Structures are given as C-alpha cells and as structure tokens.
Amino acid sequence: MTRKSTIYMLVMMLLSIVASCNSEDINLGDNSYSSVAVKSFTLQKNDSVLVNLDSVFFSIDLVERRIFNADSLPKGTRIDRLQIKVGADMARNVEIIQSRVDKSDTTIHLLDTPNDSIDFSNGPVTLKITSYDGEFTASYQIQVNVHKSEPDTLCWSSMARRDIPTTLSAVTASRMVKQGDNVVLIATNGTEATVATTTDPAVDNWTINSATLPAGANVNTLTATTDALFLIAYNQAYTSTDLGQTWTATGTAMSWIYGVSNGEVVGYNAGSAMTVCYPSGYTVATPAKMPVTATSTMVGFGTKWSDTEFSVLIGGKLADGSLTPAAWGWDGKQWACINTNTNMPGLQGVTLFNYKSFKVSAGWTVTEVETLFALGGADSYGTMDNKVFISTDQGYTWAEAGELMQLPAFMPELNGASVVVCSSTLTVDGGVRSIGPWDSFDVKLPAWYQLVSLPGTRVSKPVTEWECPYIYLAGGMTENNRAMTQMWRGVINRLRFVPQY
C-alpha cells in the first residue's frame, strides 16, 4: 500500500469515528471545535458589587468543561446579578441556562442580550455553545466561588487554649522552644522543674519528666539550636543535649541570650559589654544603643546574596534601664540598627516570630509574603501592650497590624511569651487530625468588615488533607506579674481553607 493510500485510509477512519459521535463529543481535529471552545471568560465591571470585579481571574478547563475562580471572592459578595463576557466569537449560539430554587429553568441568549444579569447564588450555571455550522455543542459549568468565612491576613477566629504540660502547681515561669523536630517546654515553681516534649503540640502526647536545672537558672532565657538547649544561670551559659534532663556549663559568660544565628548562640556579657557567640567564642563590642536584656528572640532569614543568615530582634532594655522600640540586625559578625522608629513604643518582652501574610493587587492577584509578627510586651511601668505589629521586609519597616490581625479581647496580655510554629494535618471535613484537649474560642467578626479574597493553595488535583502551620504561644507573664500557665493556638484563617485546583 502506498503512503498516499495509507493517509487516505486513516482520514476515512477518523471521519467514521466522528460520524458515530453524538453532538456533545468534540472532534479535536475539526475547525468546529474552535467555535465551541471558550477562549475567555470575565465578569463585567460593577463597583457596587466589588471593586475591580472585571479583573477577577477565571480558570477555563476545556477538558472537564469547567469555568471557575480559584481565588474566591470576599465573604458577603453578592453574585445574584452578575453580568459576564464570554469569548466564543465564531459560535452560532451562546446560552446561559440557570436553575433556580422552586422555579423553572431560565435561558439567556448572550448574543442577543449580552448585558443580562445572571444569578450564580444557587450554584453553577450552564453555558451552552453551538458551533457556527450547527453540528456541535459544548456545555460548560460556570461557578463563581465566594468565601464562606473571613480569610483575614491573620485572623484569630480559630483560637484554642489548653493548660501548659506540667505536673507542677504554682508555676512561676515557663518557656517553650523548638529543638529540631521536638517542641520543648520547661516549667518551674522556683524550686522544682519539669520538661515536657512532643513532636506535635496539637495532640495530647507530651512526655513530661522532672528536671534538675542549674542553680539560679533563668528559664526566660531558654533557647535552642537544632541539637541542644541553652539557658543562663548566674551569668553563665548552660547547655543540654538530652532535651533538658541534664545541664552542663559551657564556660561562656553570658547575662542574656539574644537567640540563635548561623547555628551559634548569640548573647550579651554584662561584665565585658561584649556580644558573645557560642561555640565559636567570637566576641564583638556591643553598640551603646543596643538593648542588653529583655529583647525579643532573634528571628533568622536566609538571603540570596549570602550563605550567612541575617537575624533580627526588636525591643528590649538598654544598659541604662530605658526601653527601646528599635529593630536590630545581626549578620554573624556585627550589629546594625535597622529601624529606630518601628511605630511601637519602647517595650520589653516582645514576642517575635516569622509567619505568613498576603498581598492582594488591584487585579485580585494574591502573593504570599514572608512576614515578621511582633506582639505583646510591657513598658517601663509594667503596663502590657497586646498590639500586633508586622514587617514584610525583614524588620526594616514596621506598621501596626489591622483590626482582625490584633489579638482578640479574651486573650491575656502577654509579656515575654514564647512562640513556636508547627504544622497540623487538616482534612476536607474541616477537622484537625488528632487534636488534644483544647478549649476553642471564636472571635466575633465585625459585620462591616469585608476582606479581599485570598486563594487556596494551587494544586494539580483535588486534595483530601494538607498541612497547615499553627502558631503556639506559651510562657511569659500576664497582668499582675503572674506566670502564664496556658498555651494558646492561632492560625491564619486562609490557611485552613481546602486548597482548590
């Protein structure tokens, strides 16, 4: 058989297959396909519904014949009278078929009445397109997604509380850190101490043991590298490599621990006014305006310009006893004041941690941003301030967070609280796997507050479970200078949404 005959036979076979298909089966090799394929889909501008409504991006799945916005519209957005634009220029008919509760279906012919309003509030509507030659039709399901709850940048609407894991009563101090895969919480009543460990603070599987701390141990200085714990006792740094069971003097004089940077413990030696690093022994003069105690813990950042970690801390007490609101950066060799005006007052005991926030453009494009959160602390009179401040540029600029990013009124005022961020597995039914004995609290959201949409994580297929990072706060002092004996858990509300694809 010649090559020409072979091609002829293949063409005839394809035509035979096409002839046997019904009108809903589209031949991808036929020009009629392009006249029933949706090339674009947008909502028409309507600022009374939502600013930049016409910029909301819709995904078009030509295989599954689905049209939807993965980035849901804000909670409360009305979708019962929306106008649309459909890119199907060569089609003979473009129809919208909408089902309504307790009413008959209605059909809108978009080519004749392109500005008719469509009701998406009852669920998906059907878009039916007929090809220019009338031989083919294709039906698409259009769904306009709207958030059912507020997806605030940092919404504490899912707060939970439990007692700290300890067998002691009358706790006078406690602090929680993350050492490698372990979360460690040390509590003391002044004479006795316990150390509790877990790999997941969401579940009630803490291992609690009694511990013998060094004489004069300052639990509020507890710090962790990936493989050891550190704290200060009588101006000396001590370390534990068995999760707090036993402690050994490092031989390094320190009166305060700033935190960990580049794998080293960075502290202050009041006797020499030097910044001291362990285990390298590196020392450098501490700047005169640098806080020497009661600072936040350092938070580290990697950069694309250097293999060395850049770390940031905020607030604290100067050598003369005054408090500073400044943010300082440490590059592994020296300090630099990166902001003297952080929009917050001079505070001691600020809690600093790295988490997530989201920026939303005018076109509803959402970008995840690494964000520093600073909360709590006390002024020179001991008055505590629970305001939350944020920085999206590694501590160089700061701003007071928005209303729903602030701690809820039922949260105790915090001074010197410690924080860890750990992920829990969420499931499609909205549950958190193996949650322990937590009391849940709901934040009442103001009726007037409507936020821009924040998307679910983009994935390639539907998911049944995903990891969600939760914030855990414990330790420190509350009002009347009493030790906080509860642990609080919060989360960005957006991260709890089922990822869409």
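Quick note: structure is the one above.
Heads up: these notes are all about the structure in this document. Counting starts from 1 at the beginning of each chain's written sequence and moves along it residue by residue. Two thresholds apply to this predicted model, a pLDDT of at least 70 for residue-level local features and 80 or more for giving and counting side-chain atom pairs, whereas whole-chain, interface and lining totals are computed over all residues. As a convention, hydrogens and water are excluded, and side-chain values are obtained from all of the structure's heavy atoms.

**Examining the side chain of Gln406**
Working step 1: On the secondary structure map, Gln406 appears in the loop between β29 (399-400) and β30 (418-427).
Working step 2: Note on Gln406: relative accessible area 17%, which makes it buried. Secondary structure is summarised from DSSP: a helix means a run of H or I of at least four residues, a strand means a run of E of at least two, and numbering begins at the N terminus for each. Throughout, exposure labels follow a simple rule: accessible area from a 1.4 Å probe, protein chains only, divided by the maximum for the residue type, with under 20% read as buried, over 50% as exposed, and the rest as partly exposed.

**A few points about the sheet that holds strand β20 (residues 274-278)**
Working step 1: The pairing criterion for strands is at least two bridges between them, as found by DSSP. Taken in spatial order, the four strands line up as β18-β19-β20-β21 in an open sheet, and their pairing is antiparallel. Each edge of the open sheet carries a strand with a single partner, namely β18 (256-261) and β21 (283-285). Averaged over all pairs of adjacent strands, the angle between their axes in this sheet comes to 25 degrees, without regard to strand direction. Here the axes come from fitting lines to C-alpha atoms, over the contacting stretch only for helices, and the angles between their N-to-C directions go from 0 to 180 degrees.

**Remarks on unusual backbone geometry**
Most peptide bonds are trans, and most residues other than glycine sit at a negative phi.
Working step 1: A cis amide bond, omega 15 degrees, links Tyr278 with the succeeding residue Pro279.
Working step 2: With respect to the element layout, Pro279 can be found in the loop between β20 and β21.
Working step 3: Positive phi, close to 55 degrees, is recorded for Arg65, a residue that is not glycine.
Working step 4: One non-glycine residue, Asn235, lies in the positive phi region at around 60 degrees.
Working step 5: Structurally, Asn235 is set in the loop between β15 (229-233) and β16 (236-240).

**Section: the pairing of strand β6 (residues 103-109)**
A regular strand carries its side chains on alternate faces of the sheet.
Working step 1: Taken together, the five bridges between strand β5 (residues 93-100) and β6 define a ladder with antiparallel strand orientation. When the bridges of β6 are listed, Arg100 appears paired with Lys103.
Working step 2: Once β5 ends, the chain turns through two residues before running back antiparallel as β6, passing Asp102 with a positive phi of about 60 degrees.

**Focus on the sheet that holds strand β7 (residues 125-130)**
Working step 1: Strand order in the open sheet formed by six strands is β2-β3-β8-β7-β5-β6, and the pairing between neighbours is mixed. Strands with a single pairing partner mark the edges of an open sheet, and in this sheet they are β2 (59-61) and β6. Strand-to-strand twist of the sheet, defined as the mean angle between neighbouring strand axes without regard to direction, takes the value 20 degrees.
Working step 2: Alignment of β5 against β7, held across five bridges, turns out to be antiparallel. Paired with Ile96 across the strands is Leu127, a residue of β7.

Nothing here speaks to function; it is geometry throughout.
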